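An overview of the molecular structure
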Amino acid sequence: MPNVLSILSSSNSCHETIHPWTPHCSEAGLDLLTVVFIKCLKLYGPLSLVQHIIDTRSITTGLTELAKDTLSSATFVSSQVYLSFTFICLLRQYFGSVN
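Summarised in this report is the structure supplied together with it. (Residues numbered from 1 in each chain as written. Predicted model: local features only at pLDDT ≥ 70, side-chain atom pairs only at ≥ 80, totals over all residues. Heavy atoms only, no water.)

1. Overview of helix 3 (residues 25-56)
Because an α-helix packs 3.6 residues into every turn, residues spaced three or four apart end up facing the same way. Taking 1.5 Å as the rise per residue, helix 3 with 32 residues should run 46 Å; its terminal C-alpha atoms sit 44 Å apart, in good agreement. By the largest-angle criterion, Y44 marks the main kink of helix 3, which is about 25°, and a proline, P46, follows within four residues. Every buried residue of helix 3 is accounted for by C25, A28, G29, V36, C40, S48 and H52. Where helix 3 terminates, the next one or two residues include R57, which has phi positive at roughly 60°. (Helix = DSSP H or I, 4+ residues; strand = E, 2+ residues; numbered from the N terminus. Expected span 1.5 Å × (residues − 1). Bend = angle between axes of the 7 residues up to and from the residue. Buried < 20%, exposed > 50% of the residue type's maximum accessible area, 1.4 Å probe, protein only.)

What follows is the structure in structure tokens.
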């Protein structure tokens, strides 16, 4: 089982371990945020629609509430992913490698 803090304790830069597709933490964070948000919309859209159909037994009523629920779920998950990603990069930049 890998060490839980292996990402933080590595002597490599965060570019090499966390975001190898770009050397900039902020650019990688925004890339990750948009990808995760789009994937969350694809996931939570149908889930919210099924829940809406079960609750109201109609597709046409309450579509604004359906859109609001989908956007709030996708925003929450993508912001959590973005904040954890950013937190790890900030820790590595502030403390260096934690050995």
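2. So, the packing of helix 3 against helix 4 (residues 63-95)
Helix 4 packs onto helix 3 with a crossing angle of 150° between their chain directions and a minimal axis gap of 7 Å. Considering their axes alone, helix 3 and helix 4 lie roughly antiparallel with respect to each other. Along this stretch, helix 3 crosses helix 4, giving a crossing that reads as right-handed. Within the contact of helix 3 with helix 4, the residues separate by chemical class into 19 nonpolar, 10 polar and one charged. (Axes fitted to C-alpha atoms, helices over the stretch in contact; angles between N-to-C directions. Parallel < 35°, antiparallel > 145°, perpendicular 65-115°, else oblique. Left-handed = near helix turned anticlockwise from the far one by under 90°. Nonpolar A, V, L, I, M, F, W, Y, C, P; charged D, E, K, R; others polar.)

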